[in-house]
Amino acid sequence: MDTIFLDLGNVLVRFDERARVIERIVEAHKGDGKAAAAIFCNATGEKTYEFLDSGGMTHYELWLRVCSKGGVRHDILQYDLFTALYVEHLRPIPKTVALVRKLQARYRLVAVSNGDFGSLYAARMLEAHYGIRFLRTFISFEQGCLKPELLSKAVCEIERDQGVKRENCIYVDDIPKYIDGALALGMKGSFVFNAMEEPVA
């Protein structure tokens with residue numbers, strides 16, 4: 001094995017439900033948090049998660065929609081402030097981060113994550129402040145596709161650019177169907193049940 005492909009959420013970084021994050025931000029700015037959070041409800045037909053994570057909605061467009069639905073003026077909840085508050089809930093999982101920092105002395109690391117701007121922030125936070133060195137990051141909103149297609153794209157590009165063989169790669173995720181996808185691609189897979197308590201060894 002020479003390359004480890006890592007999911008971010010619940011593997012290296014803990015996170016809150018985005019709808020609840022939006023609700024708290026809007027209520028802190030005297031708006032209607034529940035109305036703003038409702039854009040994440042599939043019953044409304046807005047498919048906000050899907051649009052954000054596949055690149056169909058920008059982070060700026062999310063801010064505009066949140067302010068509109070929550071009844072908060074742009075000069076009260078400025079874009080930069082919204083962005084800082086939006087990613088504040090993302091926190092590294094100390095035990096797993098420590099383990100991955102040790103592993104990177106022997107293995108190349110590749111981040112592969114479904115997510116929006118927050119996932120990109122999480123990857124850059126880990127690099128800038130926690131000493132993790134990703135060879136590449138594949139975040140769905142930038143790549144325009146979600147896992148399992150995103151993982152397939154990442155594997156093909158790393159094989160082509162780095163000359164590694166997929167059978168010498170392992171994929172770590174907390175969602176079993178994505179581990180199954182990795183195995184179907186010819187990779188090895190490692191399922192993390194609860195990285196916040198029991199990091200993969």
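Every chain's residues receive numbers from 1 upward, in the order its sequence appears when written. Per-residue local features of the predicted model are confined to residues with pLDDT of at least 70, and side-chain atom pairs are confined, for both listing and counting, to 80 or more; whole-chain, interface and lining totals are unaffected and use all residues. As a rule here, side-chain values cover all heavy atoms of the structure and leave hydrogens and water aside.

A pairing counts as a salt bridge when a side-chain nitrogen of Lys or Arg comes within 4 Å of a carboxyl oxygen of Asp or Glu. Counted by the stated rule, this structure contains 15 salt bridges. Between Asp7 and Lys147 there is a salt bridge, and its shortest N-O distance comes to 3.1 Å. Placement of the pair is Asp7 in the loop between strand S1 (3-6) and strand S2 (13-14) and Lys147 in the loop between helix H8 (140-143) and helix H9 (149-162), with a sequence separation of 140 residues. Each residue is placed in one exposure class: buried if its accessible area under a 1.4 Å probe, protein chains only, is under 20% of its type's maximum, exposed if it is over 50%, and partly exposed if it falls in between. Given a relative accessible area of 5%, Asp7 falls into the buried group. Among the ionic pairs, Arg160 bridges to Asp161, the shortest N-O distance being 2.8 Å. Numbering of helices and strands starts at the N terminus; helices are DSSP runs of H or I of at least 4 residues and strands are runs of E of at least 2.

The α-helix advances 3.6 residues per turn, and as a result positions three or four apart in sequence lie on the same side. The terminal C-alpha atoms of helix H7 (residues 117-130), which comprises 14 residues, lie 19 Å apart, in line with the 20 Å expected from a rise of 1.5 Å per residue. Those residues of H7 that sit buried are Gly118, Ser119, Leu120, Ala122, Ala123, Met125 and Leu126. Here a polar contact is recorded for every N or O atom pair within 3.5 Å, except that within protein the pair must consist of a potential hydrogen donor and a potential acceptor, and residues adjacent in sequence are included only if both atoms are side-chain atoms. For H7, the capping residue at the N-terminal end is Asp116, with a side-chain oxygen 2.9 Å from the backbone nitrogen of Gly118. Downstream of H7 by one or two residues, Gly131 has phi in the positive range, about 75°. By this rule, a helix spans an expected 1.5 Å times one less than how many residues it contains.

In this section: helix H10 (residues 176-184). Within the sequence span of H10, burial applies to Tyr178, Ile179, Gly181 and Ala182. Angular distribution of buried residues about the axis of H10 spans 155°; they occupy a single face of the element. Across H10 from its buried face, at more than 90 degrees, point the exposed residues Lys177, Asp180 and Ala184. Those residues of H10 hidden inside the fold are in contact with H9, strand S6 (169-173) and strand S7 (188-191). Count one or two residues on from H10 and you reach Gly186, which has phi positive near 95°. The directions considered for the arc run from the helix axis to the C-beta atoms. Whether two residues are in contact is decided by their heavy atoms: any pair within 4.5 Å suffices.

Ring pairs shown here join Phe, Tyr and Trp side chains whose ring centres sit within 6.5 Å, with only the six-membered ring taken for Trp; geometry is labelled stacked below 30 degrees between planes, edge-to-face above 60, and tilted in between. All chains considered together, the criterion is met by five aromatic pairs. Between Phe40 and Tyr49 the ring centres are 4.7 Å apart and the planes differ by 45°, which places this aromatic pair in the tilted class. Looking at Phe40, the relative accessible area reads 5%, which means it is buried.

Looking now at the environment of Leu12. With respect to the helices and strands, the residue Leu12 is situated in the loop between S1 and S2. The class for Leu12 is buried, based on a relative accessible area of 0%. Between the C-alpha atom of Leu12 and that of Val100, which follows or precedes it by 88 residues, the distance is 8.6 Å.

Turning to the nonpolar core, a few remarks are in order. General note: in soluble globular proteins, nonpolar side chains tend to be found buried as a group. Residues belong to a common nonpolar core when they are buried Ala, Val, Leu, Ile, Met, Phe, Trp, Tyr or Cys residues joined through side-chain atoms within 4.5 Å. Within the largest apolar cluster, 42 residues are counted, with the highest numbers of intra-cluster contacts made by Leu6, Leu12, Leu62, Phe82, Tyr86 and Phe134. The dominant element in this core, judged by the number of residues it contributes, is helix H1 (residues 18-28), at five residues. Among all residues touching Tyr86, those that are not within four sequence positions of it are Arg18, Val21, Ile22, Ile25, Leu52, His59, Leu62 and Asp116. Residues Val110, Val112, Ala154 and Tyr171 belong to the second largest nonpolar core, which totals 18 residues.

Any two strands between which DSSP finds at least two bridges are classified as paired. Here five strands make up an open sheet; going across it, the order is S5-S4-S1-S6-S7 and the pairing parallel. Edge positions in the sheet fall to strand S5 (136-139) and S7, since each has one partner strand and no second. Neighbouring strand axes in the sheet, compared pairwise and without regard to direction, differ in orientation by 20° on average. Sheet topology note: the S6/S7 ladder contains four bridges and is parallel. In the sheet register, Val172 faces S7, and the bridge partner there is Ser190. Fitted lines through C-alpha atoms serve as axes, helices being fitted only where they are in contact, and the angles separating the N-to-C directions of these axes extend from 0 to 180 degrees. Sitting on the sheet, H9 touches S1, strand S4 (108-113), S5 and S6, and the angle it makes with S5 is about 155°.

Between Lys147 and the following residue, Pro148, the backbone shows a cis peptide bond with an omega angle of 10°. Relative to the helices and strands, Pro148 is located in the loop between H8 and H9. In this structure, Asn10 is a non-glycine residue whose phi angle is positive, near 65°. Along the chain, Asn10 falls in the loop between S1 and S2.

The quantities given are spatial measurements derived from coordinates; they are silent on function.
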